[in-house]
Amino acid sequence: MCLGIPGRVAEFDDINPHLAMVEVTGVRRRINVGLLEDERLAVGDWVLIHVGFAMSRIDEEEADRALEGLRLMGSGFDEELAQLLETDPG
Amino acid sequence: MRYVDEYRDPELARHLADRIAARVEPDRHYKLMEVCGGHTHAIYRYGVHDYLPESIELVHGPGCPVCVIPMGRIDDATAIAEAHPEMILTCFGDLMRVPGGRGSFLDARARGADIRVVYSPLDALRLAVDNPDRHVMFYAIGFETTAPSTALTLQRAKADGVTNFSVFCNHVTIIPAIKAILDSPDLRLDAFIGPGHVSTVIGNRPYEWIASSEQMPIVVAGFEPLDLLEAIAMIIDQLSDRRAEVENQYARVVRDEGNPVALRAIADTMTLRPWFEWRGLGSINHSALQLSERYAEFDAELRFDVPGVRVADPKACQCGEVLKGVLKPWECKVFGTACTPETPIGTCMVSSEGACAAYYNFGKASRQRVELKVKTGA
Ligand code: SF4
């Protein structure tokens, strides 16, 4: 919950600008990006995701670090990543 | 050093360790509290202790959302779910095993209650939309990191006119918890390692009083072991220079002003509770959030009868002391024997962000050293 999962914005929803398809470890997942509405997010940007919401914009290097960190952190975070990829909040 | 090869830049780690060692004052013992459970996890995972001089003690703080939920709040939600057969109770996976006075959500599910794990509050809302003949209650937990997600979900529920959805709100706020720690007579701290992701929401300004009134350094840190080492080096620098400032080691993610959109969403949907009972820390004034009047229709506590159960923690459980940083996990009498991640007695053993679970999973290797350090240092 406390560690964000990095993802890359792949496309925005046509109807709801607060929704975007974000690629997380190669899998596409719908994410709410409403909390970053002031950031002028663009396709290709990296974000940190907490419980289905993009919480901060990060750069690619930070995304790499965060992902590596999550991988090393072990079980509790594997679970969170699996949940992120399995569900679709729409 | 167990995980040295896993540090992104072992050279830099050593450099930081040298910088810290060079600046600690002889005969001085340092107690630094990492407020955030994610930091606790990272510290044990990477053996950050192993890089520090004996005189620096890392004390674990209360920043683990699952850990601070009192048993009664589990029982309350179970009671609501059991009294309403049409209800689907939803929560994050971490919460399922948290023991209440009448068992955990897993136990309640075994007794027949419909309790489901969701990854996001939006999943709970979607479940409500897909099941119009059921009521979906979301058990919301977390500090300011997750409160905005609940807030946006509530805004969405209202905008879409969803009527079979409610939130059982247990969101807590970090600043009153830090105040409570500072007011606790059992513990003298020298500085704080500030939480990373909470700060992306609230920014750095809410910590100013720690530096100005309490004269204590606080350095907001990222989650890499190198981040933690750098933050500790910054703290030791401040202490050696007799400075007390708010510094931001995690500036690549955290901004001074936080995230104004997130703060507005929280302010729209939630207000401060007069008080909230924290596990182990007791009742703390203005330390938690409830739904605001505008969102009263979604407030599970207004919609349903809440028994308001208050259960004392089991006698054997010393989570309160662990959450305040007074006890180390392994000093709890039941640690690793009666209390394990499989059979938790207290909350700190449940979540991967809890100090007991982190220590149980990763800490054993450096246990003897750390134990020794505490004995000689304190
Ligand atoms: S070992 Fe178990 S009971 Fe003891 S403090 Fe940790 S979680 Fe609580």
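Parameters and conventions
The numbering scheme is per chain: residues are counted from 1 as the chain's sequence reads. Chains and ligands are labelled sequentially in the order written, the chains with letters from A and the ligands with numbers from 1. Totals for whole chains, interfaces and linings use every residue, but because this is a predicted model, local features are given only for residues with pLDDT of at least 70 and side-chain atom pairs only at 80 or more, for both listing and counting. Calculated side-chain values reflect all of the structure's heavy atoms, with hydrogen atoms and water omitted. Counting from the N terminus, the helices are DSSP H or I runs at least four residues long and the strands are E runs at least two residues long. Relative accessible area decides the class of each residue, using a 1.4 Å probe on protein chains only: under 20% of the type maximum gives buried, over 50% gives exposed, and in between gives partly exposed. Criterion used throughout: strands pair if DSSP finds at least two bridges between them. To get an axis, a line is fitted to the C-alpha atoms, and for a helix only the part in contact is used. The angle between two axes follows their N-to-C directions and goes from 0 to 180 degrees. Here, two residues are considered to be in contact whenever any of their heavy atoms come within 4.5 Å of each other. Proximity is defined per residue: if any heavy atom of the residue lies within 4 Å of a molecule or strand, that residue is considered near it. Nonpolar residues are Ala, Val, Leu, Ile, Met, Phe, Trp, Tyr, Cys and Pro. Charged residues are Asp, Glu, Lys and Arg, and all others, Gly as well, are polar. Defined here as a combined quantity, buried area equals the accessible surface (1.4 Å probe) lost by two parts on assembly, summed across both. Every case where a carboxyl oxygen of Asp or Glu lies within 4 Å of a side-chain nitrogen of Lys or Arg is listed as a salt bridge. If the strands point away from the viewer and the path from the first strand over the helix to the second runs clockwise, then the crossover is right-handed. Here, the term disulfide refers to a pair of cysteine sulfur atoms separated by no more than 2.5 Å.

(A) Here's a closer look at unusual backbone geometry. Residue and element names in this part refer to chain B. For aspartate 27, which is not glycine, the phi dihedral falls at a positive 70 degrees. On the secondary structure map, aspartate 27 appears in the loop between helix H1 (10–23) and strand E1 (30–36). Residue aspartate 27 is classed as exposed on the basis of its relative accessible area of 86%. Positive phi values are uncommon outside glycine, yet arginine 242 reaches one of about 60 degrees. In this structure, arginine 242 sits in the loop between helix H10 (225–240) and strand E9 (246–248). Note on arginine 242: relative accessible area 59%, which makes it exposed.

(B) Summary view of the sheet that holds strand E2 (residues 56–63) of chain B. Residue and element names in this part refer to chain B. Spatially, five strands are ordered E2-E1-E7-E8-E9 in an open sheet, and the strand pairing comes out parallel. Each edge of the open sheet is held by one strand with a lone partner, namely E2 and E9. With strand direction ignored, the average angle separating the axes of adjacent strands in the sheet is 20 degrees. Here strand E7 (residues 191–194) runs beside strand E8 (residues 218–220); their pairing, made up of three bridges, is parallel. Within E8, the residue paired with glycine 194 across the bridge is valine 220. With respect to the sheet, helix H2 (residues 37–46) is in contact with E1, E2 and E7, its orientation differing from that of E1 by roughly 120 degrees.

(C) Highlighting the site of the ligand. Taken together, Cys317(B), Gln318(B), Cys319(B), Val322(B), Cys332(B), Val334(B), Phe335(B), Cys339(B), Gly346(B), Cys348(B), Met349(B) and Cys356(B) make up all the residues around the ligand. Here the shell around the ligand is composed, by residue class, of ten nonpolar, two polar and no charged.

(D) Quick peek at the interface of chain A and chain B. Across the boundary between the two partners, chain A contributes 36 residues, which contact 47 residues of chain B. Counting the surface lost from both chain A and chain B, the interface buries some 3500 Å², and carbon and sulfur atoms represent 59% of this. Linking Glu39(A) and Arg255(B) is a salt bridge whose minimum nitrogen-to-oxygen distance equals 2.9 Å. For the side of chain A that touches chain B, the class distribution of residues is 16 nonpolar, eleven polar and nine charged.

(E) How the structure looks around helix H7 (residues 174–183) of chain B. Of all ten residues in H7(B), seven are buried; the element is thus mostly enclosed. All of the buried residues in H7(B) are Ile174(B), Ile175(B), Pro176(B), Ala177(B), Ile178(B), Ile181(B) and Leu182(B).

(F) Fine view of the pairing of strand E6 (residues 165–171) of chain B. All names here are of chain B. Counting buried positions over the seven residues of E6 gives seven, a clear majority of the element. Looking at chain direction, strand E5 (residues 135–142) and E6 are connected through seven bridges and run parallel. Bridge pairing links phenylalanine 138 to valine 167 in E6. Following the chain from E5 across helix H6 (residues 147–159) to the adjacent parallel E6, one finds a crossover that is right-handed.

(G) Summary view of the state of the cysteines. All names here are of chain B. One pass over the full model with this rule turns up one disulfide over all chains. Between the sulfur atoms of cysteine 64 and its disulfide partner cysteine 67 the distance amounts to 2.2 Å. In this structure, the disulfide formed by cysteine 64 and cysteine 67 twists by about 65 degrees around the S-S bond and is classed as right-handed. Considered together, cysteine 64 and cysteine 67 belong to a single accessibility category, that of buried residues. Just so you know, cysteine 91 is unpaired, no disulfide at all, and the nearest cysteine sulfur is the one on cysteine 64, 14 Å from it. As a non-bridged cysteine, cysteine 169 has cysteine 91 as the owner of its nearest cysteine sulfur, 15 Å distant. The class of cysteine 169 is buried, set by a relative accessible area of 1%.

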